Amino acid sequence: MTPADALALAAPHPAALAAARRAAGRGGNAVDAALAAAAALTVVYPHQCSLGGDLVALVHAPDGTVRALLSVGAAAAGTDVEALRAADSRMPAQGPGTVTVPGAVAGWAALAEAYGTPGALAAALRDAAALARAGATVSAGLARAVRDNEARIKADPGLSALLTGPDGRLVTEGAPLPQPRLATVLDELADDPWSFYRGAVAEALADGLRDLGSPLIAADLAAHRAEFAEPVSIAEGGVEHGGAETVSAKAVDVEPLGAEAADVKTVSVEAMGAEPEDAEAVNAEPVDGEALGDESMGVEPMGVRWWAAPPPSQGAVLPALLSAAAGAPGRSAAERTRLLAARCQDASAARDRLLGDPRGQRLDLDGLLDPAPLAGTLPPRPPFRPSGDTVAVTAVDSSGLAVSLIQSVYQTFGSGLCDPGTGIVLHNRGSAFSLLPGHPGLLRPGARPPHTLCPVIGRSPALLLAAGCQGGRAQPQILAQTLPGLADPDADPAAVLADPRWVIGARDIGFEEQTLLAEPGSVPAATPAVSPGVPVVTAPGPSDLAGHVQVARLTRDGRLDAASDPRADGGTIHLAPDTPGTTRTTGTTPEGTPA
């Protein structure tokens, strides 16, 4: 990919914005800037994302093609499923049994190889290493996470070493957070990112995992591949949403530069309401500002085509919610809210019952893409509250290259384990597996867990946008409420993100029973009950549970803009060829670093 003349990016932390600006200043494009931001976030947000987490991304190339990048790690080949089942009927929430292979670094390398400029990822990783070595300032959000998880931190030697200051006390807001071991790892990855899976870093991490009691070994790390796949898609404006047609998704084993040709596997993915796309025939024209109006790009003339990540991502349920959000013309606001909330319940229940790893089994994708109505029943409750956060970075440049990149350690501080030798916080994605025989998300050696990360790309004749959000299991609900407004090229994206929202859930949003949690003004007073037994609870103000959305856009006339959710700590950058770059930060945040 070649450098772009201009780009816009949104990210949830000022250090990420600074890293993106440096990458763009070196001639980087939208993907280079997003990767630089992502690398910085693993240093400043160890409670939310790290080298020990996963990554899911969507990329819109300048030629108009859209691909999903799934770098979701698998359970160890030596996983003892029966031992876990004997201990409890459900997966543990944290601990060594919940650690799956971390996919973030392979995701970075795959994106850089496919879409980045030479040397950009290495430079970004060296910048991140310098940040780790110097000691980033502890944000208010990180300080709160430390305070709220004091017992867990003190129980793990690695986390305790990471988050304890020279005085022997846990770090507080404003304190430096030097991470020399992590800095060493980042420097090694700058020389060879695949060392994380098949090199010195992999050997050190495998030793640490063994000492922590994890069944993961070096062979599990070496087996990991980031996979490019065709996303699920829905088009508005004359396309029937109810039907489903099959397209093929190529899952590419991405190897280091210079390696032999990768193996190609084929999996089945359903594209709800979308016509089969010929990769050579569709989207053949470059996508700059003028080309957004080209009907040869496969976009419905007056509508928006949306892309979301396929399984094991929960993105498969997003098309149904976008269809519901766009439907019900002529109905009142209250009735539209009721219908969308009910559809969100249907989608959540379908995800909990049907989502799993498509490798090695056939999923009920029709059931995910068009969830059956619950008919007044309540969906199953998650076994525990996912109290963690996710970081999303979105960027688009003037060439039409756009990326929505999401990475996380799942719950706060992931598995509650940090490898002392590398300084890497390890995620607990394995806690999302089921131990119920016959469930598609059943824990199996080598299987990937059901995943919450849900990036999205949208395109119409007037607009190209990349969006993503923090919000755990509620991410599709949050996106369904914000994407229709963000798809209007004349709308102020910051105003759209500031609009009040609601989420519906149970333990995942802090309630024992199914509840609709509403920010003030998000639910019209006349809204009928979503379903029997589902109360509406109004939050005192904007809530982090309503998600932190990041969005970047390119309009038909070449205008770039971006917005960062005011509920979060982030901001945006807009870099043009005639300016050194501007940064705008928005709002205050639970993550706390002053704008």
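Residues numbered from 1 in each chain as written. Predicted model: local features only at pLDDT ≥ 70, side-chain atom pairs only at ≥ 80, totals over all residues. Heavy atoms only, no water.

Along the chain, the regular secondary structure elements total 17 helices and 23 strands. Expressed as a percentage of its 595 residues, the buried residues of the chain come to 61%. Of the contacts made within the chain by residues no fewer than 6 positions apart, 73% connect residues no fewer than 24 positions apart. (Helix = DSSP H or I, 4+ residues; strand = E, 2+ residues; numbered from the N terminus. Buried < 20%, exposed > 50% of the residue type's maximum accessible area, 1.4 Å probe, protein only. Contact = heavy atoms within 4.5 Å.)

Applying the stated rule across the entire model yields three aromatic pairs. Seen in terms of ring centroids, Tyr115 and Phe228 are 6.2 Å apart; in terms of plane orientation they differ by 70°. Their pairing is edge-to-face. Here the residue Tyr115 occupies a position in helix α4 (residues 104–115), and Phe228 occupies one in strand β6 (residues 227–229), the gap between them amounting to 113 residues. Each member of the pair, Tyr115 as well as Phe228, is classed as buried. Among the aromatic residues, those joined into a cluster by ring pairs are Trp194, Phe196 and Tyr197. Over the ring of Phe228 we find Arg67, and its NZ or CZ is 3.9 Å from the ring centre. (Phe/Tyr/Trp six-rings, centres within 6.5 Å; stacked < 30°, edge-to-face > 60°. Lys NZ or Arg CZ within 6 Å of the ring centre and 35° of its normal.)

Core analysis: the largest hydrophobic core is formed by 74 residues, its most contacted members being Leu9, Leu51, Trp108, Leu111, Leu186 and Phe196. Ranked by residue count, the leading element in this core is helix α2 (residues 30–44), at 11 residues. The next biggest cluster of nonpolar side chains, apart from the first, holds 49 residues, and it includes Ala347, Leu483, Leu486 and Val503. (Core = buried A, V, L, I, M, F, W, Y, C linked by side-chain atoms within 4.5 Å.)

Before going further, it helps to spend a moment on the sheet that holds strand β16 (residues 463–470). Ordered in space as β7-β10-β15-β16-β20-β21, the six strands form an open sheet in which the pairing is antiparallel. Strand pairing shows two members of the sheet lacking a second neighbour, β7 (232–235) and β21 (560–564), which therefore form its edges. On average, each strand axis in the sheet is tilted by 15° relative to the strand beside it, whichever way the strands run. As judged from the four bridges shared by β7 and strand β10 (residues 305–308), these two strands associate in the antiparallel manner. Within β10, the position partnered with Val232 by the bridge is Ala308. Sheet strands in contact with helix α13 (residues 318–326) are β7, β10 and β15 (456–460), and its direction is about 15° off that of β7. (Pairing = 2+ DSSP bridges. Axes fitted to C-alpha atoms, helices over the stretch in contact; angles between N-to-C directions.)

With respect to topology, three strands assemble into an open sheet ordered β17-β18-β19, the strand pairing being mixed. Only two strands of the sheet have a single neighbouring strand rather than two, namely β17 (502–505) and β19 (536–538). Looking at each pair of strands side by side, their axes are set apart by 20° on average, direction ignored. Pairing of β17 with strand β18 (residues 515–518) involves four bridges; the strand directions are antiparallel. When the sheet's bridge partners are listed, Trp502 is paired in β18 with Ala518.

Here the focus is the pairing of β16. In terms of residue burial, β16 counts as a mostly covered element, since eight of its eight residues are buried. Neither face of β16 is open: one carries Leu463, Leu465, Ala467 and Cys469, the other Leu464, Ala466, Gly468 and Gln470, and all of them are buried. The sheet contact formed by β15 and β16 spans five bridges and is antiparallel. Bridge pairing in β16 links Ser460 to Leu463. Turn length for the β15-β16 hairpin, with the two strands adjacent in sequence and antiparallel, is two residues. In terms of strand pairing, β16 meets strand β20 (residues 548–555) through eight bridges, oriented antiparallel. Bridge assignment links Leu464 to a residue of β20, and that residue is Leu554.

Our focus in this paragraph is the pattern of salt bridges. Evaluation of the coordinates by the stated rule reveals 23 salt bridges. Residue Arg448 pairs with Asp357 through a salt bridge whose shortest N-O separation is 2.8 Å. Here the residue Arg448 occupies a position in the loop between β14 (424–426) and β15, and Asp357 occupies one in the loop between α14 (333–354) and α15 (365–369), the gap between them amounting to 91 residues. Residue Arg448 is classed as buried on the basis of its relative accessible area, which comes to 3%. Arg559 is paired through a salt bridge with Asp561; the nearest N and O atoms lie 3.1 Å apart. With a relative accessible area of 14%, Asp561 lands in the buried category. Where salt bridges share partners, they join Glu227, Asp357, Arg359 and Arg448 into one cluster. (Salt bridge = Lys/Arg side-chain N within 4 Å of Asp/Glu carboxyl O.)

Moving on: the environment of Gly107. Structurally, the position occupied by Gly107 is in helix α4. With 118 residues separating them along the chain, Gly107 and Arg225 place their C-alpha atoms 8.6 Å apart. Non-local contacts of Gly107, meaning those with residues more than four positions away in its chain, are made with Leu55, Leu69, Ser71 and Ala226.

Looking now at the packing of helix α5 (residues 120–134) against helix α9 (residues 180–191). Packing of α5 against α9 brings their axes to within 8 Å, and their N-to-C directions diverge by 170°. Here α5 is positioned roughly antiparallel relative to α9, judged by the angle of their axes. Where α5 abuts α9, its residues Ala122, Leu125, Arg126, Ala128, Ala129, Ala132 and Arg133 lie against Pro180, Ala183, Thr184, Leu186, Asp187, Leu189, Ala190 and Asp191. Along the lines of polarity and charge, the residues of the contact of α5 with α9 split into 10 nonpolar, one polar and four charged. (Parallel < 35°, antiparallel > 145°, perpendicular 65-115°, else oblique. Nonpolar A, V, L, I, M, F, W, Y, C, P; charged D, E, K, R; others polar.)

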